[in-house]
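Structural overview
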Amino acid sequence: MSLAKYHFISGLPRSGSTLLAALLLQNPRFHAGMTSPVGALYTSMLHQFGAGTEFGPVITKPERKRLVRGLFDSYYAEHGDKEVVFDTNRMWTAHLPMLMDQFPGSKVIACVRNVAWIMDSIERKYAADPYEITRLFNDDNERATVYSRVETLAQRNRMVGYPWAALKSAFYSEHAASMLLIDYDLLAQAPQKVLPLIYDFIGAEPFEHDFQNIQYDAPEFDAPLGMRGLHKVRSEVSFEARDTILPPDLFQQYSQLSFWKDTTASRANVITAKFIPTATGN
């Protein structure tokens, strides 16, 4: 069994999770990366021994727990020398009870961003290659216009809608205190201030990161999606202000979804601008 401590990276797409993993990977005591297959393997296993299945009645709860733990330890066996392993998956916020049961004391770092800018970022990637049809959309009706594309992505079982709904449910759950939400704009503008807050949250020793020399790319993952460069991280952490390419009504509609700005009904931890005096909004 691995002796590494597990923490998790989750949250919304196009919100800095790959950038955060690339930064954490600089620490030789850590292992981190983009989305791993562990989440998908976990849900597949549930379907194999869940209610109504052939093996459900004969696999006990302790056995199920050991099988799930075995997924993590087997997948990360080659990183057993690391003190901390960060597994990245946007589905983890929908499965906090399992994570907290398997890994008591583990933390979830959830990357967030104004949803309108998430939609803008995806639309820019789509528009950048007019000779490709991305697999983010199932048919020509979904990819027909910016309105159909954004509406599709926002559905509760699609790329943006699902992690948004999962994160919101976790934000108000009994396990919310185990989460730290980080706004992409703050991470991009002041990483030297955000990273120490993450280290403090997970109880790790400080580490001096190099924010001008980052290396991360996953072309073998992005190419089959028809979205080249989706997970490529710029070599230097920076924030680039820009105008949106979304129609004004769409941008206004999706700008209203940042529920994490109001923490009055949640025990979740949120890194806000008050902790980052130099940060400015979009």
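Up top is the structure.
Per chain, the residues get numbers from 1 upward, laid out in the order the sequence is written. Since the coordinates come from a predicted model, pLDDT governs what is reported: local features require at least 70, and pairs of side-chain atoms require 80 or more to be given and counted, while whole-chain, interface and lining totals use all residues. Excluding hydrogens and water, the side-chain figures rest on all heavy atoms present in the structure.

Here's the deal with the overall build of the chain
- When you go through the chain residue by residue, the secondary structure sums to 11 helices and six strands.
- For the chain, the proportion of its 282 residues judged to be buried stands at 52%.
- Intrachain contacts of the chain at a sequence separation of at least 6 include 77% that bridge at least 24 residues.
- Per-residue and other accessible areas were derived by the Shrake-Rupley procedure at a 1.4 Å probe size, with only the shown protein chains allowed to occlude residues. Counting every atom, the chain has about 14,000 Å² of accessible surface; 52% of that belongs to carbon and sulfur. Under the scheme used here, helices are H or I runs from DSSP no shorter than 4 residues and strands are E runs no shorter than 2 residues, and both carry numbers assigned from the N terminus. Summary of the burial criterion: residues with accessible area below 20% of their type's maximum are buried, those above 50% are exposed, and those between are partly exposed, where the area comes from a 1.4 Å probe applied to protein chains only. Contact definition: two residues touch when any of their heavy atoms are within 4.5 Å.

Describing the nonpolar core
- Nonpolar core, defined: a set of buried Ala, Val, Leu, Ile, Met, Phe, Trp, Tyr and Cys residues in which side-chain atoms within 4.5 Å join the residues together. In terms of nonpolar packing, the biggest core is built from 53 residues, with F72, W92, L99, M179 and L181 touching the most fellow members.
- In terms of residue count, helix 5 (residues 115-127) provides more of this core than any other element does, seven residues in total.
- Here L99 is in contact with F8, F72, W92, S106 and V108, once residues within four sequence places are set aside.

With respect to the pattern of salt bridges
- The rule for a salt bridge is simple: a side-chain nitrogen of Lys or Arg has to be within 4 Å of a carboxyl oxygen of Asp or Glu. If you walk through the whole model with that rule in mind, you get eight salt bridges.
- The partner of K65 in a salt bridge is D101, with the nearest N and O atoms 3.5 Å apart. On the criterion of sequence distance, the pair formed by K65 in helix 3 (residues 61-75) and D101 in helix 4 (residues 96-102) is long-range, its members being 36 residues apart.
- Overall, D101 belongs to the partly exposed group, its relative accessible area being 40%.
- Note that R242 is salt-bridged to D120, the shortest N-O span being 2.7 Å. Of the two residues, R242 sits in the loop between helix 10 (219-222) and helix 11 (248-254) while D120 sits in helix 5, which places them 122 residues apart along the sequence.

Side note on unusual backbone geometry
- Its identity as a non-glycine residue notwithstanding, R14 has a phi of 55 degrees, on the positive side.
- Turning to its location among the elements, R14 is positioned in the loop between strand 1 (5-11) and helix 1 (17-24).
- Judged by relative accessible area, R14 falls into the partly exposed class, the value being 22%.

Brief notes about the packing of helix 2 (residues 38-49) against helix 3
- With their axes 10 Å apart at the nearest point, helix 2 and helix 3 run at an angle of 155 degrees to one another. Judged by the inter-axis angle, helix 2 sits roughly antiparallel to helix 3. Considering the relative orientation of helix 2 and helix 3, their crossing is right-handed. Together, V38, L41, Y42, M45 and F49 of helix 2 and R64, L67, V68, L71, F72 and Y75 of helix 3 make up the contact between the two elements.
- Note that Gly is not counted as nonpolar here; it falls among the polar residues with everything else outside the nonpolar set of Ala, Val, Leu, Ile, Met, Phe, Trp, Tyr, Cys and Pro and the charged set of Asp, Glu, Lys and Arg. Of the residues that constitute the contact of helix 2 with helix 3, the class distribution is 10 nonpolar, no polar and one charged. An axis is simply a line fitted to the C-alpha atoms; with a helix, the fit covers only the stretch in contact. Between two such axes, the angle follows the N-to-C directions and lies from 0 to 180 degrees. Throughout, the term roughly parallel applies to angles under 35 degrees, roughly antiparallel to angles over 145, roughly perpendicular to angles from 65 to 115, and oblique to all others. By convention the crossing between two helices is left-handed if the near helix lies anticlockwise of the far one by an angle smaller than a right angle, and right-handed if it lies clockwise.

Some words on the pairing of strand 4 (residues 108-112)
- Counting buried positions over the five residues of strand 4 gives five, a clear majority of the element.
- Burial of the side chains of strand 4 extends over both faces: V108, A110 and V112 are buried on one face and I109 and C111 on the other.
- Here strand 1 pairs with strand 4 via four bridges, running parallel. Opposite F8, over in strand 4, you have V108 as the bridge partner.
- A pair of strands is considered paired only if DSSP assigns at least 2 bridges between the two. For strand 4 and strand 5 (residues 179-183), the ladder comprises five bridges, and the chain directions are parallel. In the sheet register, V112 faces strand 5, and the bridge partner there is D183.

Concerning the packing of aromatic side chains
- In summary, the pairing rule links any two rings of Phe, Tyr or Trp, Trp by its six-membered ring, whose centres are within 6.5 Å, and it sorts them by plane angle into stacked for under 30 degrees, edge-to-face for over 60 and tilted for everything else. For the coordinates displayed, the defined rule picks out 19 aromatic pairs.
- Summarising the aromatic geometry, the rings of W117 and F251 are spaced 5.1 Å apart at their centres and angled 80 degrees between planes, so their arrangement reads as edge-to-face. Pair noted here: W117 is in helix 5 and F251 is in helix 11, with a separation of 134 residues, a long-range link. Here W117 and F251 have matching classes, each one buried.
- A ring pair is formed by W164 and F259, whose centres lie 5.7 Å apart and whose planes are at 75 degrees; its orientation type is edge-to-face. Within this pair, whereas W164 is found in helix 7 (residues 161-171), its partner F259 is found in the loop between helix 11 and strand 6 (269-271), the two being separated by 95 residues in sequence.

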